[in-house]
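# Structure assessment
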Amino acid sequence: MTAHLLVLAVEAYLGVGLVLALVFVFALIDRIDPQAHGAHAFRPLLLPGLTLLWPLVLVRTLAKLRGMTDPLASQRANLAAHRMAWLGLAVLIPVALVLAWSLKAPTEAPQSIRIGDAP
Amino acid sequence: MSVKYVPVSWTTSKKLYDAGLIAGIALYLLAFSHFAIGAVDDQALRIRALGSCAFLLLSLVLAIGPLARLDRRFLPLLYNRRHFGVITCTIAAGHALAVLGWYFAFSPLGPYDAMLVADIGSGHLRGVPFIPFGIAALLILLVLAVTSHDFWLSFLTPKLWKALHLGVYAAYGLVVLHVAFGALQAQRAFEIEVTVCALGLVALHLWTGFREGRKPRMAAAAPSGLVHACKLGDIAEGRAIVVRLTDADPVAIFRHEGRLSAVSHLCAHQNGPLGEGRVIDGCITCPWHGFQYRLEDGRAPPPFTERIATYRLHLTGDDVMLDPSPNPPGTYVQPLEPA
Ligand code: FES
């Protein structure tokens, strides 16, 4: 039941996303990105991303339409996140592998032993 | 670096890159099917081959960055890394669709519902839900693939786009969990691939990070507020040195025709390391994808519009001193001419 509701929610989310994506590529993109003027062939490529990320697209579109400029952001936060990600993976990956190996079902016993063990 | 978007800005090297990659994948899938251990039916073989190939590709694509930092000869691999990523996602999606079509297609619940509630762990792991790890990883890879066009970089801003694409590391962690508690439990062939790839990749990233972290960072000296960047003779003609600051973005100081200019070390495209690039045709050229910037104002030559921050330099004897406060991107600064 929960799985079914989840699937329905995802379908609804994507449905709304697709409608907004079409509005975006037909009516809005020219107003927010000068590099899109006169460029049409690339627009279908945007549809999957616009559909999947429509809440983010909505926020960014409103910001662009209001003429908000993007502050010059420092990139150090991303570089630090990159370092943290690999430190995290350096712990997660060995732990996952050791756990997986220790839980692994023993390989099948040789035939002769299994015959002897049989009731 | 385009004035009008196109679906894909093909170049000969991109075509060669993609052709080589696709040929490599085809060979791998063929070899996997040919040398597969144990009698399995065609469909199960296809699922395993695609899964194994996707894992290998994801490991490789994540290895390109650190390899290029360790040795410049790997830079050509980085040039078209986005296509590599999209192809990886396509193979992973092929694996998921093959699973869906084989194991869940005829479930009375419907294939998607059935996949979410399935318990197909084996041995001690019966009940360990490894499939959701795979679904989550695939979703992340999909988001990255569908936002790989340059439009997204400009629409989301490079900072947000980069942050979003850091999700690839979460995807890799999830894929390792998916494989460790799934395929690795049942198939010997995966043991070596997963262990070597995953641990090798971690070691590679830690080693590169360790090397980067050991590079000295400079702080501004009081009361001038200037940073001693280097000696005049330290910078080779047409090249740069990179000044890493304690609490600001790194700066690249270039020498061109004997004159010095300082700009951000981070490319406006995808934060590539500009200071590791060269001056070509009078412009700083990014080693990653070739974006160019003028030395005196950090602007891409017309008709392109990208801009990076510039910095002011001073000369004290033969000591090059840097003012670490960035000028707004595109600000003209007269190149420093040593006497
Ligand atoms: S990061 Fe792509 S050209 Fe610099």
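Note that the coordinates shown come from a computational prediction; the quantities given were computed from them, not determined experimentally. (Residues numbered from 1 in each chain as written. Chains lettered and ligands numbered in written order. Predicted model: local features only at pLDDT ≥ 70, side-chain atom pairs only at ≥ 80, totals over all residues. Heavy atoms only, no water.)

### Some points on the interface of chain A and chain B
Using the following cut-off: When checking whether two residues touch, look at their non-hydrogen atoms; a contact exists if any pair is within 4.5 Å. Definition used for salt bridges: Asp or Glu carboxyl oxygen within 4 Å of a side-chain nitrogen of Lys or Arg. A run of H or I in DSSP becomes a helix once it reaches four residues, and a run of E becomes a strand once it reaches two; helices and strands are each numbered from the N terminus.
Listed per partner, the contact involves 55 residues of chain A and 57 residues of chain B. At the boundary of chain A and chain B, one finds 0 salt bridges. Contributions of two or more residues to the side of chain A that touches chain B are made by α1 (2-32), α2 (43-52), α3 (54-65) and α4 (76-103) of chain A. Considering every element that reaches the side of chain A that touches chain B, the biggest residue donor is α4(A), with 19 residues.

### Comments concerning the environment of Leu78(B)
Residues and elements named next belong to chain B. To keep things clear, this is the line we draw: Any residue under 20% of the maximum accessible area for its type is buried, any over 50% is exposed, and the rest in between are partly exposed; the area is computed with a 1.4 Å probe on protein chains only.
By the element assignment, Leu78 lies in helix α3 (residues 75-79). A relative accessible area of 1% places Leu78 in the buried class. For the pair Leu78 and Leu336, spaced 258 residues apart in sequence, the C-alpha separation works out to 33 Å.

### Remarks on the domain arrangement of chain B
Residues and elements named next belong to chain B. The line we're drawing: Domain start and stop positions are those given by an automatic or database domain assignment. Reported buried area values correspond to the accessible surface (1.4 Å probe) lost by two parts on association, with both partners' losses combined. As used in this structure description, the phrase polar contact means that two N or O atoms lie within 3.5 Å; if the pair is within protein, one of them must be able to donate a hydrogen and the other to accept it, and residues adjacent in sequence are counted only when both atoms belong to side chains. Amino acids outside the nonpolar list (Ala, Val, Leu, Ile, Met, Phe, Trp, Tyr, Cys, Pro) and the charged list (Asp, Glu, Lys, Arg) are all regarded as polar, and Gly is one of them.
Entries for chain B in the domain assignment read domain 1 (12-214) and domain 2 (227-322). Inter-centroid distance (C-alpha atoms) of domain 1 to domain 2 is 36 Å. Between domain 1 and domain 2, the contact holds 13 residues from the first and 11 residues from the second. Note on domain 1 versus domain 2: buried area summed over both sides is about 1,100 Å², and carbon and sulfur give 45% of it. Of the charged contacts in the structure, one is a salt bridge between Glu276 and Arg69, with a shortest N-O distance of 2.8 Å. Inspection of the domain 1/domain 2 interface yields 5 residue pairs in polar contact (both at pLDDT 80 or more). Listing elements by their share of the side of domain 1 that touches domain 2, those giving two or more residues are α3, α4 (81-104), α7 (150-156) and α8 (158-165). Here the residues of the side of domain 1 that touches domain 2 are counted per class, giving 6 nonpolar, no polar and 7 charged.

### Observations concerning helix α6 (residues 131-146) of chain B
Filter applied, for reference: Multiply 1.5 Å by the residue count of a helix minus one, and that product is the helix's expected span.
Taking 1.5 Å as the rise per residue, α6(B) with 16 residues should run 22 Å; its terminal C-alpha atoms sit 22 Å apart, in good agreement. Taken together, the buried positions of α6(B) are occupied by Ile131(B), Gly134(B), Ala137(B), Leu138(B), Leu141(B), Val143(B), Leu144(B), Ala145(B) and Val146(B).

### What about the nonpolar core?
The condition that has to hold: Grouping buried Ala, Val, Leu, Ile, Met, Phe, Trp, Tyr and Cys residues that are joined through side-chain atoms within 4.5 Å yields what is termed a nonpolar core.
Ranked by internal contacts, the top residues of the largest apolar core, which has 77 residues, are Ile93(A), Phe55(B), Leu58(B), Leu62(B), Ile91(B), Tyr172(B) and Phe254(B). Among the elements that take part in this core, helix α2 (residues 42-70) of chain B stands out by supplying 12 residues, more than any other. Judged by nonpolar contacts, the second largest core, of 21 residues, contains Leu28(A), Ala36(A), Phe42(A) and Val57(A).

### Things to note about the sheet that holds strand β1 (residues 227-231) of chain B
Residue and element names in this part refer to chain B. Our working rule: Criterion used throughout: strands pair if DSSP finds at least two bridges between them. To define axes, lines are fitted to C-alpha atoms, for helices over the stretch in contact only, and angles between the resulting N-to-C directions are given on a 0 to 180 degree scale.
If you walk across this open sheet you meet the 6 strands as β1-β9-β8-β4-β3-β2, and the pairing is antiparallel. Pairing within the sheet leaves two strands with one partner each, and these edge strands are β1 and β2 (240-243). Averaged over all pairs of adjacent strands, the angle between their axes in this sheet comes to 30°, without regard to strand direction. Looking at chain direction, β1 and strand β9 (residues 319-323) are connected through 4 bridges and run antiparallel. By the bridge assignment, Val227 is partnered in β9 with Leu322.

### Points about unusual backbone geometry
Residue and element names in this part refer to chain B. Omega for the peptide link from Pro302 to Pro303 comes to 10°, which places this bond in the cis form. Along the chain, the position of Pro303 falls in the loop between β7 (292-294) and β8 (310-316). Of note, Asn271 is a non-glycine position whose phi angle comes to about 65°, a positive value. For Asn271, the position within the fold is in the loop between β4 (259-264) and β5 (278-280). In this structure Asn271 comes out as buried when scored by relative accessible area, which is 13%. We note that Asp281 has phi near 50°; this positive angle belongs to a residue other than glycine. Summarising the element assignment, Asp281 is placed in the loop between β5 and β6 (283-285).

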